[in-house]
Amino acid sequence: MKASRFALLAFAGLAPALLALALPAQAKPQKADTVFLHGYVYTVDAADSVAEAVAVRDGQIVYVGGDDGARALIGKATRVVDLSGRLLMPGLIDGHMHPQAGGLRMLGCNLDYAALTQAEFQARIQKCVDDDKTAGPDDWLIVINWFEQGAKPEGTVMTRAALDAVRTTRPIKVHSSFGHSDLTNTRGLKLAGITRDTPDPKDGTIVRDASGEPTGLLQEAAQDLIDKLIPAPSVEMNYKATQLALKAMREQGITSFLDAYTDIETLTAYSTVVREGGLTARGHFAVLIDSPEGYDAGKAVAEVLRQKAEFDRPGVGPAPGMTVDTAKLFLDGVYSAPAYSAMMIQPYFEHGRPGHNRGPKPFFTDDQLQDTLIRLAAVGLNPHMHAEGDGSVRQGLNAVAAMRKVHPGSDIRPAIAHDEIVHPDDFSRFAEVGALPVLSFQWERPSVDIEQSKPALGPVRAALMEPAALLDINGARIVYGSDWPVDALNEWLALQIAVTRTAIGDDAVKYPGRLGIDPGLSVAQAVRAITLNAAYSLRQEDQTGSVEVGKLADLIVLDRNLFKIKPEEIGGTQVLLTMVGGKVVYQTLK
């Protein structure tokens, strides 16, 4: 009879105790700092093994197995945690987020991702104006987390007229939660010098009405026309935002993350936290490589290396640190209405038939992108590419293939983030070229923005959108990234939707059924995407991402067992304990 997986683990767990009996007293195993007993330990190892107990010493996992073996490692100073059957698993690793933006948005005028009528939109902004007693008449009001696609009634497109009705002389910038458009009032347009004669900037659009006048909506790179006028957050505000972001992450059980679009101010704030010993998650940071006129790949890569040299702060021992090891490149915008700024292989549909618009011109030419990735690989930096449309996804895959041809043996982990529309011919290419699809599972459900966009996608692309399981079936290593604060930070809801692909709340009534034909991931596949696969994307799979002896003790305890509940209940999961490098950084567990 074959031994069960658990029995083998339990037997292995007895080894320290048995060995202790056979050796002199001085050879007895060292006692653990922390021992977790009576749990459901989901390891995410190669066999998805389940154990009862875990022991931690000096920030590392020294034992995984049955309770009896763990008891041999309990000493007078050992902290013993009775899990009472609760789930213990690896800490979450978010492979694509924007934590500093998330923290800063907690400090501003916040529309909270709400679907608003124009009157509600105006009232919320008016309250922010009225509540701000310190701003001057010329100070910009920054409004964030605007759910542009959710404006009510459905199909409403906000313009500067909506903001001009707000009682203030201040210029206003309303930033879409998707991050790819801003709305400003007439005062803001005037300060930026934007008129009907202002040309669209490279990779951006000044949206205009039928008469050619700017509506106040600025898409993609056109946002820079007003952003350059707005003072950067102060050092103090950036530091506070970092603290708020770290708090939000540890409450969610996030123990490592990639900041997928960093800046000097963010790196400075995190450096301060590292020096103070206050970092509670392992931070990886991606420096933006933009594509201006006269783009020079050599200079762009050199700037990433300069920032890496200045801000790289690897952790000491098990303590978390910050690593600048990635370059971020935008290949397109968003596929959703009203922008349709994702790059497509075939045109968007118009009036039920293919039209003429394939989205924007490539932000990078093929030669520029391939040259950049080849240069990044030569110096050991991971490329991380934003691509929503199937045209930009294919461009990214082609660039990775070119990179692999020049550097066939390099340990580079290229990522293509979002991948919301992927041509079926490219499903298998992720595995073939070693590119990682980094997906935001919470988007894989029917919602107002998706329903608005389906007619423009056409029936085939709409059926195949958000193809997580289809990519997995074709051999891709799926990685999860929340893209916070594009959405509210809720990793557990995202895992739920990865499995169910159904809407939640009121949307479940309005948009019943599953999204598309993708079969969805299993719970185990979704968990692996946000643990070991994400660790792989950050080149730290030998240290984190699973509960195995020798790895760092980045662990979380949950209030429910994800593998014994209905998938629809996963979104309500609460984290009871978060441990990073053997140190408890968040706890409500008694």
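Computed from a prediction, not measured in an experiment: that's the story for all the values here. (Residues numbered from 1 in each chain as written. Predicted model: local features only at pLDDT ≥ 70, side-chain atom pairs only at ≥ 80, totals over all residues. Heavy atoms only, no water.)

J.: If you had to explain the overall build of the chain to someone new, which residues and values would you point to?
T.: The helix and strand inventory of the chain stands at 20 helices and 26 strands. If you line up the chain on its principal axes, its C-alpha atoms span 90 × 55 × 50 Å. Carbon and sulfur atoms form 55% of the exposed surface of the chain, whose accessible area is close to 23,700 Å². Counting 58 positive and 72 negative side-chain charges, the chain places the centres of these two groups 4 Å from one another. (Helix = DSSP H or I, 4+ residues; strand = E, 2+ residues; numbered from the N terminus. Areas by Shrake-Rupley, 256 points an atom, 1.4 Å probe, with all protein chains shown as cover. Lys, Arg positive; Asp, Glu negative; His and termini not counted. Charge placed at Lys NZ, Arg CZ, Asp CG, Glu CD.)

J.: So, the sheet that holds strand 5 (residues 60-65): which residues are in play, and what are the values?
T.: Taken in spatial order, the four strands of this open sheet run 5-4-1-6, and their pairing is mixed. Lying at the two open borders of the sheet, with one neighbouring strand each, are strand 5 and strand 6 (79-82). Each adjacent strand pair in this sheet contributes to an overall mean axis angle of 15 degrees, direction not counted. (Pairing = 2+ DSSP bridges. Axes fitted to C-alpha atoms, helices over the stretch in contact; angles between N-to-C directions.)

J.: Could you give an account of the pattern of salt bridges, naming the residues involved and the relevant values?
T.: Throughout the structure, instances matching the rule amount to 27 salt bridges. Between E213 and R196 there is a salt bridge, with the nearest N and O atoms lying 2.9 Å from each other. With E213 in the loop between strand 13 (204-208) and strand 14 (214-220) and R196 in the loop between helix 6 (186-192) and strand 13, the pair connects residues that are 17 residues apart, well separated along the chain. Note on E213: relative accessible area 27%, which makes it partly exposed. The class for R196 is partly exposed, based on a relative accessible area of 43%. Between D426 and R394 there is a salt bridge whose closest N-O contact spans 2.9 Å. Of this pair, D426 sits in the loop between strand 21 (415-418) and helix 13 (429-433) while R394 sits in helix 12 (residues 390-406); the two residues are 32 residues apart in sequence, bridging distant segments of the chain. (Salt bridge = Lys/Arg side-chain N within 4 Å of Asp/Glu carboxyl O. Buried < 20%, exposed > 50% of the residue type's maximum accessible area, 1.4 Å probe, protein only.)

J.: Kindly report on the pairing of strand 7 (residues 87-90), identifying the contributing residues and their values.
T.: Both strand 2 (residues 40-42) and strand 7 contribute to a ladder of two bridges, which runs parallel. Residue pairing across strands places Y40 opposite L87, the latter belonging to strand 7. Note: strand 7 against strand 24 (residues 555-558), three bridges, orientation antiparallel. When the bridges of strand 24 are listed, P90 appears paired with L555.

J.: So what's going on with the sheet that holds strand 17 (residues 322-330)? Residues and values would help.
T.: Sheet architecture is open: eight strands sit in the order 8-15-16-17-20-21-22-23, paired in parallel fashion. Each edge of the sheet is formed by a strand with only one pairing partner; in this case those strands are strand 8 (92-97) and strand 23 (479-480). As defined by bridge partners, strand 17 adjoins strand 20 (residues 382-387) across five bridges and the pair is classed as parallel. Across the sheet, residue L329 finds its bridge partner in strand 20, namely M385. Packing of helix 9 (residues 264-276) onto the sheet brings it into contact with strand 15 (254-262), strand 16 (282-288) and strand 17, and relative to strand 17 it is tilted by some 165 degrees. Helix 12 rests against strand 20 and strand 21 of the sheet, and its axis sits at about 160 degrees to strand 20. (Contact = heavy atoms within 4.5 Å.)

J.: For the nonpolar core, give the residues involved together with the corresponding values.
T.: Generally speaking, soluble globular proteins have nonpolar side chains that are buried together. In this structure, M89, Y270, I289, F430, F441, W492 and L562 are the most contacted members of the largest nonpolar core, which totals 82 residues. Those residues in contact with M89, other than ones at most four positions away along the chain, are Y42, W492, V527, T531, V547, D554, L555, I556, L558 and L562. (Core = buried A, V, L, I, M, F, W, Y, C linked by side-chain atoms within 4.5 Å.)

J.: Lay out helix 11 (residues 366-378) in plain terms, naming residues and giving numbers.
T.: With 13 residues, helix 11 should reach 18 Å at 1.5 Å per residue; the first-to-last C-alpha distance of 18 Å fits that figure. Residues L369, T372, L373, L376 and A377 constitute the buried set of helix 11. Within helix 11, the buried residues cover an arc of 130 degrees as seen down the axis, which keeps them to one side. Opposite the packed face of helix 11, turned more than 90 degrees from it, sit the exposed residues D367 and A378. Contacts from the buried residues of helix 11 go to helix 10 (297-311), strand 17, strand 20 and helix 12. (Expected span 1.5 Å × (residues − 1). Arc of directions from axis to C-beta.)

J.: Give me the lowdown on the state of the cysteines, citing residues and values where you can.
T.: Per the stated rule, a full pass over the model turns up one disulfide. A disulfide bridge connects C109 with C128, and the sulfur atoms are separated by 2.0 Å. Residues C109 and C128 are joined through a disulfide that is right-handed, its torsion about the S-S bond being 85 degrees. Of this pair, C109 sits in strand 9 (residues 109-110) while C128 sits in helix 4 (residues 118-131), and the two are 19 residues apart along the sequence. The burial state of C109 is the same as that of C128; both residues are buried. (Disulfide = S-S within 2.5 Å.)

J.: How would you explain the side chain of S546 if you had to name every residue and give the values?
T.: Take S546: it is sitting in the loop between helix 20 (532-537) and strand 24. Exposure remark for S546: the relative accessible area of 2% places this residue in the buried category. Within the structure, the side chain of S546 is placed 2.6 Å from the side chain of E548, a separation counted as a polar contact. Polar side-chain contacts of S546 include one of 2.6 Å to the side chain of K551. (Polar contact = N/O pair within 3.5 Å; in protein donor to acceptor, adjacent residues only side chain to side chain.)

J.: Can you lay out the packing of helix 9 against helix 10 for me, pointing to particular residues and giving the numbers?
T.: The N-to-C vectors of helix 9 and helix 10 enclose an angle of 20 degrees; their axes lie 11 Å apart at closest approach. The orientation of helix 9 with respect to helix 10, classified from their angle, is roughly parallel. When you trace helix 9 past helix 10, the crossing you get is right-handed. Across the interface between the two elements, I264, L267, T268 and S271 of helix 9 pack against R306, Q307 and F311 of helix 10. Residue composition of the contact of helix 9 with helix 10, by class: three nonpolar, three polar and one charged. (Parallel < 35°, antiparallel > 145°, perpendicular 65-115°, else oblique. Left-handed = near helix turned anticlockwise from the far one by under 90°. Nonpolar A, V, L, I, M, F, W, Y, C, P; charged D, E, K, R; others polar.)

J.: An account of the environment of V527 is needed here, citing residue identities and associated values.
T.: Residue position: V527 is located in helix 19 (residues 523-529). Residue classification places V527 among the buried residues on the basis of a relative accessible area of 1%. Taking the C-alpha atoms as reference points, V527 and E213, separated by 314 residues in sequence, lie 49 Å from one another. If we skip the residues at most four places from it in the chain, V527 touches Y42, V44, M89, L562 and F563.

J.: Go over the domain arrangement of the chain, please, and point to the residues and values.
T.: As far as domains go, the chain holds domain 1 (34-85), domain 2 (102-228) and domain 3 (235-545). For domain 2 and domain 3, the distance between their C-alpha centres works out to 26 Å. On the domain 3 side, the residues contacting the 21 residues of domain 2 number 32 residues. Along the contact surface separating domain 2 from domain 3 lie one salt bridge. Ionic pairing is found between E154 and K510, a salt bridge with its closest N-O pair at 3.8 Å. The interface formed by domain 2 and domain 3 includes nine residue pairs in polar contact (both at pLDDT 80 or more). Looking at the side of domain 2 that touches domain 3, the elements that each hand over two or more residues are helix 3 (99-105) and strand 14. (Domains from an automatic or database assignment.)

J.: Tell me about unusual backbone geometry, and name the residues and values.
T.: A negative phi angle is the norm for most residues apart from glycine, just as the trans form is the norm for most peptide bonds. Cis geometry is found at the peptide bond from K152 to P153, where omega equals -5 degrees. Here the bond from W484 into P485 is cis, since omega is 10 degrees, no more than 30 degrees from zero. At D203, a position not held by glycine, the phi torsion is positive, near 65 degrees. Relative to the helices and strands, D203 is located in the loop between helix 6 and strand 13. The residue Y340 is not glycine, and still its phi comes out positive at about 50 degrees. Its place among the elements puts Y340 in the loop between strand 17 and strand 18 (349-350).

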